[in-house]
Amino acid sequence: MTINFVKENKEAVVAQGANLRQKALENKIDIYTLKGKLTNCGGNGQCATCLVEIVEGMENLSPRTDFEQRVLKKKPDSYRLACQTLVNGPVKVKTKP
């Protein structure tokens, strides 16, 4: 299955249950804004700087974690934290929404 990074026009082939942040970084996809580059927590679900928008395939992702529910409550339902998101099917992602 694949993760399609829309803005970068890149596709990554991943195994079921792959972590979205990890796969983005492995495929040289820049998911952080400048502030995020300086302050990210390294994927521990503490900082909320790895924000992405799911364009397609939301049903193929793990449900939002409690941390995501709290920090994303004012954001659209299509927004996720890449470090908290597990991919279980094809998905289209927009980085730095």
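Further up the page is the structure itself.
Residues numbered from 1 in each chain as written. Predicted model: local features only at pLDDT ≥ 70, side-chain atom pairs only at ≥ 80, totals over all residues. Heavy atoms only, no water.

Asks: Honestly, the overall build of the chain in this entry has me stumped. Any pointers?
Replies: Per the secondary structure count, the chain includes 3 helices and 7 strands. Seen in sequence order, the chain has helices and strands lined up from the N terminus as β-β-β-α-α-β-α-β-β-β. Computed over its C-alpha atoms, the radius of gyration of the chain comes to 12 Å, within 12% of the 13 Å expected for a compact globule of 97 residues. Judged by the C-alpha coordinates and their principal axes, the chain covers about 30 × 25 × 20 Å. Evaluated residue by residue, the chain yields a buried proportion of 42% over its 97 residues. A separation of at least 24 residues holds for 58% of the contacts in the chain among residues at least 6 apart in sequence. Across the chain, the 16 positively charged side chains and the 10 negatively charged ones have centroids separated by 7 Å. (Helix = DSSP H or I, 4+ residues; strand = E, 2+ residues; numbered from the N terminus. Rg over C-alpha atoms; globule rule 2.2 N^0.38 Å. Buried < 20%, exposed > 50% of the residue type's maximum accessible area, 1.4 Å probe, protein only. Contact = heavy atoms within 4.5 Å. Lys, Arg positive; Asp, Glu negative; His and termini not counted. Charge placed at Lys NZ, Arg CZ, Asp CG, Glu CD.)

Asks: Whenever I open this one, unusual backbone geometry confuses me. Can you help?
Replies: One non-glycine residue with positive phi stands out, namely K28, at about 60°. The topology assignment puts K28 in the loop between α1 (20-26) and α2 (34-39).

Asks: When you look at the nonpolar core in this model, what are you seeing that I'm missing?
Replies: Most often, soluble globular proteins have nonpolar side chains that are buried together. With 24 residues, the main nonpolar core has I3, F5, L20 and V93 as its most contacted residues. Elements with a minimum of two residues in this core: β1 (2-5), α1, β4 (51-56), β5 (79-81) and β7 (91-95). It is β4 that provides the largest number of residues to this core, a total of 3 residues. Beyond its immediate chain neighbours, meaning those up to four positions away, L20 contacts I3, F5, V52, I54, A82, T85, V87 and V93. (Core = buried A, V, L, I, M, F, W, Y, C linked by side-chain atoms within 4.5 Å.)

Asks: Any chance you could explain the pattern of salt bridges here in plain terms?
Replies: Between side chains of opposite charge, pairing is possible as soon as their charged atoms come close. By the definition in use, this model includes 5 salt bridges. The residue D30 makes a salt bridge to K96 at a minimum N-O spacing of 3.4 Å. You can see D30 sitting in the loop between α1 and α2 and its partner K96 sitting in the segment after β7, a full 66 residues away along the chain. Looking at D30, the relative accessible area reads 31%, which means it is partly exposed. Among the residues examined, K96 registers a relative accessible area of 33% and is labelled partly exposed. (Salt bridge = Lys/Arg side-chain N within 4 Å of Asp/Glu carboxyl O.)

Asks: Please clarify how the environment of A12 should be interpreted in this entry.
Replies: In this fold, A12 is placed in strand β2 (residues 10-13). When the C-alpha atoms of A12 and F67 are compared, they prove to be 26 Å apart, with 55 residues separating the residues in sequence. Residue contacts for A12: discarding those within four places in its chain leaves M1, T2, I3, F5 and N27.

Asks: I'm lost on the pairing of β1 in this one. Help?
Replies: The side-chain alternation of β1 yields one buried face, formed by I3 and F5, and one unburied face, formed by T2 and N4. Between β1 and β2, which pair antiparallel and follow one another directly, the connecting turn spans 4 residues, one of which, N9, has a positive phi of 55°. Here β1 pairs with β7 via 3 bridges, running parallel. Residue pairing across strands places I3 opposite V91, the latter belonging to β7. (Pairing = 2+ DSSP bridges.)

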